[in-house]
Each structure stands twice: as C-alpha cells, then as structure tokens.
Amino acid sequence: MNLKGVLALSIGALIAIATAVAHLSCIFLGPSCYQAQMAPPEIVQSATEGTLLAPMATLIISFLFLVCAVFAMSGAGFIKKLPFIEPVLATISGLSLLRGLATIPSSYAFPEMVSAFSITAGLIWFVAGLLYFYGFRSLRQPSS
C-alpha cells in the first residue's frame, strides 16, 4: 500500500469516527440534537418521550460508523488485517458515494429538508466514499 492510500483510509476513518461521535452526542444533548441532525420524526419523538428507540437506534448507527473506521484502519495497516477487507472497503466506498450522490435528488424530492447541514453531510460522505475507494484501490496495487 502506498502512503497516499494510507492517508486516504486514515482520513476516511476520522470522518467515520467523527460521524459516530456526532450521532452519540444526540443521546446526551436530547431531541433538539436529533432534530438538527435530521433524524426521522419517530426518533425525535422517542427522544422527546424518553423511550429506548432513539438511544438504541443511535447506538446501532454509531456502531456501524465505527465498524467503517475499524476497516479503514485495518486497510491502512494500523491494526491487524481483517477478513474480507477488500470487499468491505469496496462496499463502504460504494455506499458512501451513493449517500453523497443521493443528496442531489433528495434535495429536489424533499426541498423542505434542504439545509446547509444536509448539503455538507452529503458532500462529506461523497468525499469519504472517494477516500475509501482510493484506499481500497491502493490495497490492490503492489507497494512501490
């Protein structure tokens, strides 16, 4: 793996970790945080009512982002190489790129949901997808 691939996966991991932390902050900051992060109405309502749906969903989503970070760190060589590293990184890349690209049609379909936050999040995850893809490609090329 080349240094650029390590850097790409490292930045991708940091984006995933920051996203997990941002999601987890909602558990402590409450309904307004869920609302600011554009959580579905059922999740915001759960946070308002104090039911378990909001924190459990948040923990699951945050865990998934942390799994993305762990695979990126594995691909970058910071931790032991995990099984299925290449197909997992390719999948994370594809999903991240789709998430980023989905911002455009979603903005037309749901104009009331468009905000600086939604556009920024879409752009960040598009960039993350590119970083994961570059890192994945670097894994497949012999080191020079």
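Keep in mind that what you see is a predicted model, and the values were worked out from it rather than measured.

A. Here's a closer look at the overall build of the chain. Scanning the chain from N- to C-terminus turns up seven helices and zero strands. Reading the chain from its N terminus to its C terminus gives the helix and strand order α-α-α-α-α-α-α. Dimensions along the principal axes, computed over C-alpha positions, put the chain at roughly 55 × 35 × 20 Å. Within the chain, the fraction of its 144 residues that count as buried is 35%. Contacts in the chain between residues at least 24 apart in sequence constitute 66% of all its contacts with a sequence separation of at least 6.

B. Quick look at the packing of aromatic side chains. Under the definition given, this model contains two aromatic pairs. A centroid spacing of 5.3 Å and a plane angle of 35 degrees characterise the contact between Phe 65 and Trp 125, whose relative ring orientation is tilted. Taken together, the residues span a long stretch of sequence, with Phe 65 in helix H4 (residues 53–75) and Trp 125 in helix H7 (residues 116–140) at a distance of 60 residues. Accessibility assignment for this pair places Phe 65 and Trp 125 in one class, buried. Ring centres of Phe 133 and Phe 136 lie 6.3 Å apart, and the angle between their planes is 45 degrees; on these two criteria the pair is classed as tilted. Here Phe 133 and its partner Phe 136 are both found in helix H7, three residues apart, which amounts to about one turn of the helix. For Phe 133, a relative accessible area of 40% translates into the label partly exposed.

C. Structural view of the nonpolar core. Ranked by size, the top nonpolar core spans 21 residues in total, and within it Leu 9, Ala 16, Leu 89, Trp 125 and Tyr 132 carry the most contacts. Contributing elements (two or more residues each) for this core: helix H1 (3–29), H4, helix H5 (85–101) and H7. The element best represented in this core is H1, accounting for seven residues. Contact partners of Leu 89, with chain neighbours within four places excluded, come to Leu 9, Phe 71, Ala 72, Gly 75, Tyr 132, Phe 136 and Leu 139. Core analysis: the second largest hydrophobic core is formed by seven residues, Cys 26, Cys 33, Tyr 34 and Val 44 among them.

D. The arrangement of H7 in detail. In this model, H7 (25 residues) spans 36 Å end to end at C-alpha, consistent with the 36 Å of a helix rising 1.5 Å per residue. Turning to H7, its buried residues are Ser 118, Ala 121, Gly 122, Trp 125, Ala 128, Gly 129, Leu 131, Tyr 132, Gly 135, Phe 136 and Ser 138. Next to the buried residues of H7 lie H1, H4, H5 and helix H6 (103–109).

Calculation notes
- Residues numbered from 1 in each chain as written.
- Predicted model: local features only at pLDDT ≥ 70, side-chain atom pairs only at ≥ 80, totals over all residues.
- Heavy atoms only, no water.
- Helix = DSSP H or I, 4+ residues; strand = E, 2+ residues; numbered from the N terminus.
- Buried < 20%, exposed > 50% of the residue type's maximum accessible area, 1.4 Å probe, protein only.
- Contact = heavy atoms within 4.5 Å.
- Phe/Tyr/Trp six-rings, centres within 6.5 Å; stacked < 30°, edge-to-face > 60°.
- Core = buried A, V, L, I, M, F, W, Y, C linked by side-chain atoms within 4.5 Å.
- Expected span 1.5 Å × (residues − 1).

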